[in-house]
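Here is how the chains run, residue by residue.
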Amino acid sequence: MTTTVAATAAVARDTSQVRRRRRLSPGRRLPAARLVGPVLLLALWAAASAAGRLDPAAVPAPWTVVRTGVHLWTAGTLPTDILTSLRRAASGFAIGLAAGVLLALAAGLSRAGEALIDGTVNLNRAIPTLGLIPLFILWLGIGESFKVAIIAIVVYIPIYLNTHAALAGIDHRYVELAEVQGLSRFAFVRQIVIPGALPGFFVGLRLGVTGSWLGLVVLEQINATSGLGYLMFQAQNYGQSDVILVGLVVYGVFGLVSDSAVRLVERRVLSWRRTLSS
Amino acid sequence: MAPHTEQLTRPAVRLRGLTRSFGGRTVLDGIDLDIPAGQFVALLGHSGSGKSTLLRAVAGLDHEVVGSGQLTAPDRVSVVFQDARLLPWRRVLDNVLLGTDGEEKGREALEEVGLKGRERAWPSELSGGEAQRAALARSLVREPELLLADEPFGALDALTRIRMHALLRQLWKRHQPSVLLVTHDVDEAVVLADRVLVLEHGRIGLDLTIERERSREEYRVRLLAALGVTAEVG
Ligand SMILES: Nc1ncnc2c1ncn2[C@@H]1O[C@H](COP(=O)(O)OP(=O)(O)OP(=O)(O)O)[C@@H](O)[C@H]1O
Ligand SMILES: [Mg+2]
């Protein structure tokens, strides 16, 4: 009698749905989930073009854009334009990254550094960077250096702000722990300050990457004699909307790839984190 | 019977006229205290009586606190906090080794606290009790002459706490550091310590030596009375 009861109870436990709490985190991530939106958009665009619902002069069909792209790649200046743009973005980004991190460390780790740097950067932040373009052209000429300088400024500000905030926000309890464990100042910075500030740094890094592309687009649209933006600017003069779209697609691919790269690095470096996004 | 009787001659901690105040309010009011090497001392007192303040002073953590007095403490001091305070970005073994090296010693310490096999785990994967044991391992690896602990078991459940008591007592016997344990739990104090102090109005109001062969109940009643708990308990 007792055994029967126990057995049915066990079965009941197996089959009946155990009531679980409503899950508040969004759950497991689907593979390649981030591509779903763009792919859907592309399909919509292709369908509308095929149905003749779009004016080909304003919005050419995807296949026209691809054909133009291939043509520009093989017979035109697209490879050199892309290279020029990439070089600009990369040098500006590298300088901005180094400056942002070094300034944040200097401001976050010493009171003197904070007094000198933090106010100055915030002043810089208050001035729209793109508004500095005329001044920089006067100073540096209309060559490459002013473009790189502007991109570097656009990049360093979010990296500085987020890294500095993260440094300032290091849990005081960890500082105490470092004192108790007798860590040297260098070991304290390397083992506690930097790892603790990394999440904030990555937020800044992603904003910086986006910023570098934004700066590039603006600079190349209004002040370029070469590069992707220049290509698009010329196309505007000749009414070649397909060429403009090729340029936009390339910008988009740059943005997506670089952002994914940063995310990938972030996930590996911050693997200890268990947050909503993991 | 207190062990290490032969060592009781040279004090590990010596306080003379230790004073600490916050914003003009005196919290520690001239404390005199000697803790012999190897002695296990528990510090009781009401909430806000200054237990943590005293412990932080001995640990040298009170940089910006106003105060005076003489303080002598050993070179190798370890602190166990109420929270395990493991760095979330370091694996358990690397947390244990924070500020020292010698991987082998770290592994041994983890084995001693029953965390063998968890060396590569992240702190977020440990239970509360496991995290606190890892913190204990971290404090042991440095072979402290003085172990300071501020309500180290305050956040643990009753069962885990009993096991941690046994573990701490056993580790103390093996490594023989002096211990200053802050607690609000009279039973914990009597079970663990050789000597129980009650902090009261900024001074040590009661200094009780616990003799193991006497009944614990007797000490318990006296300590509760000293803490102002007069109702019959038990
Ligand atoms: N940093 C501080 N600034 C101002 N006042 C403080 C500070 N630290 C402690 N105090 C005050 O000193 C008194 C003693 O605090 P302390 O933390 O030592 O008490 P405690 O005995 O450890 O209490 P509990 O059992 O609640 O932990 C309290 O009144 C507290 O408000
Ligand atoms: Mg306290």
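Computed from a predicted model, the values in this text were never measured in an experiment. (Residues numbered from 1 in each chain as written. Chains lettered and ligands numbered in written order. Predicted model: local features only at pLDDT ≥ 70, side-chain atom pairs only at ≥ 80, totals over all residues. Heavy atoms only, no water.)

Bringing the UniProt feature "domain: ABC transporter" (unreviewed entry) in chain B into the picture now. Within this structure's numbering, the places UniProt gives as "domain: ABC transporter" (unreviewed entry) are residues 13-226 of chain B. Secondary structure over residues 13-226 of chain B splits into 35% helix and 29% strand, and the C-alpha atoms at its two ends are 24 Å apart. (UniProt positions renumbered as here; feature names shortened; annotations may be inferred. Helix = DSSP H or I, 4+ residues; strand = E, 2+ residues; numbered from the N terminus.)

Residue and element names in this part refer to chain B. Taken in spatial order, the 6 strands line up as β5-β6-β7-β3-β8-β9 in an open sheet, and their pairing is mixed. Strand pairing shows two members of the sheet lacking a second neighbour, β5 (77-80) and β9 (203-209), which therefore form its edges. For this sheet the average axis-to-axis angle between neighbouring strands, irrespective of direction, equals 20 degrees. Note that strand β3 (residues 40-45) and strand β8 (residues 195-200) share 5 bridges and pair parallel. Residue pairing for β8: Val41 is matched across the bridge by Arg195. (Pairing = 2+ DSSP bridges. Axes fitted to C-alpha atoms, helices over the stretch in contact; angles between N-to-C directions.)

Attention now goes to unusual backbone geometry. Unlike most non-glycine residues, Arg85 of chain B shows phi in positive territory, near 55 degrees. Phi is positive for His201 of chain B, close to 50 degrees, though the residue is something other than glycine.

Next up on the list: the packing of helix α7 (residues 144-168) of chain A against helix α9 (residues 185-223) of chain A. All names here are of chain A. For the pair α7 and α9, interaxial distance at closest approach is 7 Å and the crossing angle is 155 degrees. Accordingly, the angle class assigned to the pair α7 and α9 is roughly antiparallel. The handedness of the crossing between α7 and α9 comes out as right-handed. Its residues assigned to classes, the contact of α7 with α9 shows 17 nonpolar, 9 polar and 1 charged. (Parallel < 35°, antiparallel > 145°, perpendicular 65-115°, else oblique. Left-handed = near helix turned anticlockwise from the far one by under 90°. Nonpolar A, V, L, I, M, F, W, Y, C, P; charged D, E, K, R; others polar.)

Okay, the interface of chain B and chain A next. Contacts between the two partners involve 20 residues from chain B, matched on the other side by 16 residues from chain A. A combined buried area of about 1,900 Å² lies between chain B and chain A, and 58% of that area is made up of carbon and sulfur atoms. If you sort the residues of chain B by the area they bury against chain A, Arg85, Trp89 and Leu98 of chain B come out on top, with a joint share of 35%. Where chain B touches chain A, the interface holds 3 salt bridges. The shortest N-O distance in the salt bridge between Arg56 of chain B and Glu176 of chain A comes to 2.8 Å. At the junction of chain B with chain A, the criterion picks out 9 residue pairs in polar contact (both at pLDDT 80 or more). Here the side of chain B that touches chain A is built from residues that sort into 10 nonpolar, 3 polar and 7 charged. (Contact = heavy atoms within 4.5 Å. Buried area = accessible area lost by both parts, 1.4 Å probe. Salt bridge = Lys/Arg side-chain N within 4 Å of Asp/Glu carboxyl O. Polar contact = N/O pair within 3.5 Å; in protein donor to acceptor, adjacent residues only side chain to side chain.)

Bringing the site of ligand 1 into the picture now. Residue and element names in this part refer to chain B. Every residue lining ligand 1 is accounted for by Phe22, Arg25, Val27, His46, Ser47, Gly48, Ser49, Gly50, Lys51, Ser52, Thr53 and Glu151. In the environment of ligand 1, an oxygen atom lies 3.3 Å from a nitrogen or oxygen atom belonging to the backbone of Ser49. Contact with the protein chains hides 57% of the accessible area of ligand 1, taken as 630 Å² for the molecule alone. Going through the elements one at a time, β2 (25-36) and α1 (51-59) are the ones with two or more residues in the shell around ligand 1. The element best represented in the shell around ligand 1 is α1, accounting for 3 residues. (Near = heavy atom within 4 Å. Areas by Shrake-Rupley, 256 points an atom, 1.4 Å probe, with all protein chains shown as cover.)

With 88 residues, the main nonpolar core has Ile150, Ile192 and Leu228 of chain A together with Leu15, Ile31 and Leu148 of chain B as its most contacted residues. Counting residues per element, this core draws most heavily on α7 of chain A, at 13 residues. Two domains each donate at least three residues to this core, and these are domain 1 (5-76 + 144-226) and domain 2 (85-143) of chain B. Excluding anything up to four places from it in sequence, Ile192 of chain A contacts Ile170, Tyr174, Ala178, Leu183 and Ala187 of chain A together with Leu87 and Trp89 of chain B. Val96, Leu147, Leu181 and Val190 of chain B belong to the second largest nonpolar core, which has 48 residues in total. (Core = buried A, V, L, I, M, F, W, Y, C linked by side-chain atoms within 4.5 Å. Buried < 20%, exposed > 50% of the residue type's maximum accessible area, 1.4 Å probe, protein only. Domains from an automatic or database assignment.)

Once that is clear, we can look at a nonpolar patch on the surface. A cluster of nonpolar side chains, namely Leu135, Leu138, Trp139 and Leu140 of chain A, defines an oily patch on the protein surface of about 470 Å² accessible area. Within the secondary structure layout, Leu140 of chain A lies in helix α6 (residues 133-140). (Patch = residues over 30% accessible without salt bridge, like charges linked within 9 Å, V, L, I, M, F, W, Y side chains within 5 Å.)

Here we come to helix α4 (residues 128-141) of chain B. The terminal C-alpha atoms of α4 of chain B lie 20 Å apart, and with 14 residues this matches the ideal 20 Å at 1.5 Å per residue to within 8%. Across the 14 residues of α4 of chain B, 12 count as buried, placing the element largely inside the fold. Among the residues making up α4 of chain B, those that are buried are Gly129, Glu130, Ala131, Gln132, Ala134, Ala135, Leu136, Ala137, Arg138, Ser139, Leu140 and Val141 of chain B. In this fold, the buried residues of α4 of chain B make contact with α8 (172-180) of chain A together with β5, α2 (92-96), α3 (103-112), β6 (146-150) and α5 (158-175) of chain B. (Expected span 1.5 Å × (residues − 1).)

This part covers the pairing of β3 of chain B. Regular strands show a simple pattern: their side chains alternate between the two faces of the sheet. All names here are of chain B. Most of β3 is tucked away: 6 of the 6 residues are buried. What you see with β3 is no split at all: Phe40, Ala42 and Leu44 on one side and Val41, Leu43 and Gly45 on the other are buried throughout. In this sheet, strand β7 (residues 178-182) lies alongside β3 in parallel orientation, the contact comprising 4 bridges. Across the sheet, residue Ala42 finds its bridge partner in β7, namely Leu181.

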